[in-house]
Amino acid sequence: MQEFKLIQKIKELTQNNNTNNLNIGDDCAVIKDISNDKDVLVTTDILVENIHFSLKYYSFYDIGYKSAQANISDIICKGAYPKNVFISLSIPKKINEENILEWYKGFLDACQPYNIEISGGDTTSSNDYFFISITLIGTIEKNKAVLRRNAEIDDNVYVLGFVGESDLGLKKLLSGNYDYNDKSVQSHLRPKLFFDKWNKILNQYKINSSIDISDGLLQDASHIAEESNKTIEIYESSNWNLVNRFFTDNKEILKSILTGGEDYAVIFTSKDNIPEEMNLIKIGKVKEYSNTYIKFFDLNNKEIHFNSLGFVHS
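Remember, it's a predicted structure, so these values are computed and weren't measured experimentally.

Rules behind the numbers
- Residues numbered from 1 in each chain as written.
- Predicted model: local features only at pLDDT ≥ 70, side-chain atom pairs only at ≥ 80, totals over all residues.
- Heavy atoms only, no water.
- Helix = DSSP H or I, 4+ residues; strand = E, 2+ residues; numbered from the N terminus.
- Rg over C-alpha atoms; globule rule 2.2 N^0.38 Å.
- Buried < 20%, exposed > 50% of the residue type's maximum accessible area, 1.4 Å probe, protein only.
- Contact = heavy atoms within 4.5 Å.
- Areas by Shrake-Rupley, 256 points an atom, 1.4 Å probe, with all protein chains shown as cover.
- Lys, Arg positive; Asp, Glu negative; His and termini not counted.
- Charge placed at Lys NZ, Arg CZ, Asp CG, Glu CD.
- Core = buried A, V, L, I, M, F, W, Y, C linked by side-chain atoms within 4.5 Å.
- Phe/Tyr/Trp six-rings, centres within 6.5 Å; stacked < 30°, edge-to-face > 60°.
- Pairing = 2+ DSSP bridges.
- Axes fitted to C-alpha atoms, helices over the stretch in contact; angles between N-to-C directions.
- Parallel < 35°, antiparallel > 145°, perpendicular 65-115°, else oblique.
- Nonpolar A, V, L, I, M, F, W, Y, C, P; charged D, E, K, R; others polar.
- Left-handed = near helix turned anticlockwise from the far one by under 90°.
- Disulfide = S-S within 2.5 Å.

A. The overall build of the chain, seen in detail. Helix and strand content of the chain: 8 helices and 12 strands. Taken over C-alpha atoms, the radius of gyration comes to 19 Å for the chain, in line with the 20 Å a tight globule of 314 residues would show. Projected onto its principal axes, the C-alpha coordinates of the chain cover approximately 55 × 55 × 40 Å. Burial status across the chain gives 50% buried among its 314 residues. In the chain, 82% of the contacts between residues at least 6 apart in sequence involve partners at least 24 apart. Surface accessibility of the chain: about 15400 Å² in total, with carbon and sulfur atoms responsible for 47%. If the 34 positive side-chain charges of the chain are averaged to one point and the 44 negative ones to another, these points end up 3 Å apart.

B. Quick peek at the nonpolar core. Core analysis: the largest hydrophobic core is formed by 41 residues, its most contacted members being Ile72, Trp103, Phe107, Phe130 and Ile132. Every element with two or more residues in this core is listed here: strand S2 (38–48), helix H2 (60–76), strand S3 (81–92), helix H3 (97–111), strand S5 (131–141) and helix H5 (183–189). In this view, Trp103 contacts Phe60, Tyr61, Ile63, Gly64, Ser67, Ile87, Leu89, Phe130, Ile132 and Ile134; residues no more than four positions away in its chain are not counted. Judged by nonpolar contacts, the second largest core, of 27 residues, contains Ala151, Ile211, Ile283 and Val286.

C. Local environment of the packing of aromatic side chains. As enumerated under the stated definition, the model contains 16 aromatic pairs in all. Arranged with centres 5.1 Å apart and planes meeting at 55 degrees, the rings of Trp198 and Phe268 form a pair that is tilted. One end of the pair, Trp198, is in helix H6 (residues 195–204); the other, Phe268, is in strand S9 (residues 266–270), and 70 residues separate them in sequence. There is no split in this pair, since Trp198 and Phe268 are both buried. Judged by centre distance (5.7 Å) and plane angle (70 degrees), the ring pair of Phe296 and Phe306 falls under edge-to-face. On the criterion of sequence distance, the pair formed by Phe296 in strand S11 (residues 294–297) and Phe306 in the segment after strand S12 (303–304) is long-range, its members being 10 residues apart. With a relative accessible area of 4%, Phe296 lands in the buried category. An aromatic cluster of at least three residues, connected via ring pairs, comprises Phe53, Tyr57, Tyr58, Phe60 and Phe130.

D. Representation of the sheet that holds strand S4 (residues 117–126). Read across the open sheet, the 5 strands follow the order S1-S2-S5-S3-S4; overall the sheet is mixed. Either end of the sheet is taken by a strand with one partner, and the two such strands are strand S1 (29–31) and S4. The sheet shows a mean angle of 15 degrees between the axes of neighbouring strands, direction not considered. Here S3 pairs with S5 via 9 bridges, running antiparallel. If you follow Ile87 over to S5, its bridge partner there is Ile134. Of the strands in this sheet, S2, S3 and S5 are in contact with H2, which crosses S2 at around 145 degrees. Across the sheet, H3 touches S3, S4 and S5, and the angle it forms with S3 is around 165 degrees.

E. Region of interest: the packing of helix H4 (residues 165–175) against helix H8 (residues 251–259). Two elements in contact, H4 and H8, have axes whose closest approach is 7 Å; the angle formed by their N-to-C orientations is 115 degrees. Taken together, the axes of H4 and H8 lie roughly perpendicular to each other. In this structure, H4 uses Asp167, Leu168 and Lys171 to contact H8, whose residues at the interface are Glu252, Ile253 and Ser256. Tallied by class, residues from the contact of H4 with H8 come to 2 nonpolar, 1 polar and 3 charged.

F. Fine view of the packing of H2 against H3. At a minimum axis separation of 6 Å, H2 and H3 run at an interaxial angle of 40 degrees. In terms of their interaxial angle, H2 and H3 are classed as oblique. Like other packed secondary-structure pairs, H2 and H3 cross with a definite hand, here right-handed. Here Phe60, Tyr61, Ile63, Gly64, Tyr65, Ser67, Ala68, Gln69 and Ile72 of H2 lie close against H3, whose contacting residues are Asn99, Glu102, Trp103, Lys105, Gly106, Phe107, Asp109, Ala110 and Cys111. Taken together, the residues of the contact of H2 with H3 break down into 10 nonpolar, 5 polar and 3 charged.

G. Spatial organisation of the pairing of strand S10 (residues 280–288). Of the strand pairs in this sheet, strand S6 (residues 156–160) and S10 are connected by 5 bridges, and their pairing is antiparallel. Note that in S10 the partner of Val159 across the bridge is Ile281. As paired elements, strand S8 (residues 230–235) and S10 share 5 bridges and run antiparallel to each other. Bridged to Thr231 within S10 is Lys287.

H. View of the state of the cysteines. The final tally for this structure, using the stated rule, is 0 disulfides. Left without a disulfide partner, Cys77 is nearest to the cysteine sulfur of Cys28, which lies 6.2 Å away. Cys111 takes part in no disulfide bond, and the closest cysteine sulfur to it belongs to Cys28, at a distance of 15 Å. Residue classification places Cys111 among the buried residues on the basis of a relative accessible area of 3%.

Below, the structure written as structure tokens:
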């Protein structure tokens, strides 16, 4: 069963047990009944060797760094601040103590700008593969979390960060012919987040909805559209060169931008006209729902259909 279909079935099964907390169907759970002045956000993520990373080309530092960034991205894209993290590792015999300490160095370096505290976790042995489970907790002012479900008709759709570079880097890594210091390779191994710029946007403009890009720009934009019951249009004519340092008219690069995934950039919607700059562009528009959640239009304003909107977990 595909992940998204399974999540929907779990959501339906558990909806009668949930309170006013927003638990399933967003980047993280928003728990409202713990504090009177703050909402608590919780995200959890599992990374599995040979599914999410390969020891053939990831250093243990890289794996630790990316493990942190993937979870931090979930919290900050909601407008929240990450606070406490719980780490559980399942470690096979082929991995030694030095490897695990390198993993922690990478993880801690990613957490350092946010002063995230490691508050607990668990370790166990594994027969063959390295398994990582991260639970990160953040906080935000009451009822201020930016959710997927509140996109409005005529919102502009923006993206903040690097998009498509991670996929380009992964393709180089898989080919075995790469320079470790290549910018696209580094985008995949150690993704960059734009926390300070995102906070300035949140403070200056009214943001209606947001999501981070883990499975592909089109795929994740469709989650905003579905949760909001809208259609999102994305345009090839957007200034993709500002969010991808390798952008040309090469269709394979555009495909990486649209469907590649693991960018951890932020897609968000707003009525405001936000000036474009490096790492921040307008890519589309929110429309009334029309047959499908996501539409992509090429330079001739022709709608283009993709076999897959992004990575599908199965």
